[in-house]
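# Remarks on the overall topology
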Amino acid sequence: MSWFSEHIAKKGEKIAVIYSDVCYTYAQLAAQIKGYTAFIKSNVPHGEVVALISDYTIESIALFFALAENKNIIVPVASKMKSEADERIRAANCSYSISIAGKEPVILKNEMPEGVHSLIRDLQHKNRSGLILFSSGTSGVPKAMIHDLDNLLDSYKDKKQKELVFLILLMFDHIGGLNTLLTCLSTGVTIVIPGNREPGYVCSLIEKYHVNVLPASPTFLNLILISGSEEKYDLSSLKMITYGTEPMPDNLLLKLKEAFPRVKFLQTFGTSETGISQISSKSSSSNFMKFGDSDTEFKIVDSELWIRSKTQILGYLNSGMEHFTHDGWFRTGDIVEESGDGYIKIIGRNKDIINVGGEKVVPSEVESMLFRMPGVKDCIVYGEFNPITGQMVVAKVLYEETVKASELKKLITTFCTGKLERYKIPAKIVVATVSEFSERFKKKRI
Amino acid sequence: MTKEKIAETVIAVVKDYCSNYHISGEINLHTTLIGENKLFDSMGLVNVIVDIETAFMEQDIDISLTSEKAMSGRISPFRSIESICNFIAKQLEAENK
């Protein structure tokens, strides 16, 4: 049995997971892992690539560890869209798929083309478990990247034990979600898994189970403010909100700090390629952060953040290593600003930068300004083709009243004039009727 | 939509924009927008083009002045108010065929 499974067993009667109003202890989770390990060993050859099709449930967590025990290469698939799930199973060349029907795991053998990728063969030869994650795939086809899972799990060894309750929002197939899960289990805390990600429901669970830590995306946190859920429920148990996966607009952070004055806000940072790094925020109301992680090196090249970490991927199954330098640095594509005292702030993504006739516009700067405008409940800023300046700034805005696009543009132009340079002021306004979010509460960039 | 109606909408948008930005000048079909005696700089033109699109959209008429096609002609459709009106009329004709 691996050290991680042993660690879980040792926590005994402590509550590990609360899901659908049922509490499961660490001992129950350990027993589940043990049972599944025997089941997997007799049904799936070790070293095979296996898709684990499920969102977070007690069963899927136990299966994850059972597959790691069997030295399988795990492909977590949490997508509710069958086409997306199938695409991932194909891209990773999974020979088996496991899903959960009721409470029982169901194993399916997939017909896959012959041939094994050399990175997978290497892991099999070394008798190590693996993990395949996908990039969000803005270019169309998601990139399949492979981690040495034993190496990743080992980075959670000897963590200080804590008495806290966490609520997990991010999904199983996301490095941030997986990191939260592994951090929680390695530090012996209690995990609350919500049945859905509706802000009011999530807040009701925070009240009910006295949740202390909420890892969430800025978009989800804004959704809580929009719905007014923080006023409806008693959220006084919250000690810390950690945020990541997209840049936090300065003004949203200030609004959040106002709504949750006693909560500590901490930024997290990670990429699917390099794993999650330990960082510290300059203060609760600051977006500036500092790497404090002996496993992660960083440097800034032409305003872009480069990272080299001990938990980075072995490679891609369906893509080249062009984002890595030959000496192992990963070019994150995140554009950063330096404060001079060792702190950095992420201001946008390379590809998100809008080029208006040669002038560069970072969407988060415009979004931050729009968030200060009375009546604006949410917004997203992106570039669109324009025959005069190549690109122009477009803002999709959720406004508190029903308004025509032409009227809203006038209001926005008046508000921004004198505060933003003219080329940064949105030339086009799209009125959103509902806050438009992707499944992961990460803003959709168009 | 008649040519007169198209011109009416376009001129109304240009006038509105000019009055908001205190741009003075005679505004009629023959007013040039870029080039000599231009009314707007590039950002002004970007904004007016989008505003014209929006004005038609709000009358439930779907036109596009910001497509790649608007750049492909030898003479830019954005040279004068008249050329913009012609460009819009052509799009609407093509749709009705």
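Residues numbered from 1 in each chain as written. Chains lettered and ligands numbered in written order. Predicted model: local features only at pLDDT ≥ 70, side-chain atom pairs only at ≥ 80, totals over all residues. Heavy atoms only, no water.

### Focus on the confidence of the model for chain A
Residue and element names in this part refer to chain A. Across chain A, the average pLDDT comes to 89, with 96% of residues at 70 or higher. Here strand E24 (residues 359–361) is the element of chain A with the lowest mean pLDDT, 84, and strand E9 (residues 165–167) is the one with the highest, 97. Segment residues 437–442 is flagged for pLDDT under 50; beyond a separation of four residues in sequence, or across chains, it makes 22 contacts in the model. (pLDDT = per-residue confidence, 0-100. Helix = DSSP H or I, 4+ residues; strand = E, 2+ residues; numbered from the N terminus. Contact = heavy atoms within 4.5 Å.)

### Considering the interface of chain B and chain A
Tallying the contact residues gives 25 residues for chain B and 18 residues for chain A. For the pairing of chain B and chain A, the buried interface totals around 1,700 Å² over both sides, and the portion due to carbon and sulfur atoms is 61%. Sorting the residues of chain B by area buried against chain A places Met43(B), Val46(B) and Glu58(B) first, and these three jointly supply 31% of that buried surface. Counting across the interface, chain B meets chain A through three salt bridges. Ionic pairing is found between Asp16(B) and Lys410(A), a salt bridge with its closest N-O pair at 2.6 Å. Put simply, chain B and chain A have six residue pairs in polar contact (both at pLDDT 80 or more) between them. For the side of chain B that touches chain A, the secondary structure elements donating two or more residues are helix H1 (3–20), helix H2 (42–57) and helix H3 (69–72) of chain B. Looking at the side of chain B that touches chain A, the element that brings in the most residues is H2(B), giving twelve residues. (Buried area = accessible area lost by both parts, 1.4 Å probe. Salt bridge = Lys/Arg side-chain N within 4 Å of Asp/Glu carboxyl O. Polar contact = N/O pair within 3.5 Å; in protein donor to acceptor, adjacent residues only side chain to side chain.)

### A closer look at the state of the cysteines
Residues and elements named next belong to chain A. Under the definition given, this model contains zero disulfides over all chains. Left without a disulfide partner, Cys 184 is nearest to the cysteine sulfur of Cys 23, which lies 15 Å away. Unpaired in this structure, Cys 416 has its nearest cysteine sulfur neighbour in Cys 379, at a distance of 9.6 Å. (Disulfide = S-S within 2.5 Å.)

### Overview of the domain arrangement of chain A
Annotation of chain A at the domain level lists domain 1 (3–154) and domain 2 (353–432). For domain 1 of chain A and domain 2 of chain A, the distance between their C-alpha centres works out to 43 Å. (Domains from an automatic or database assignment.)

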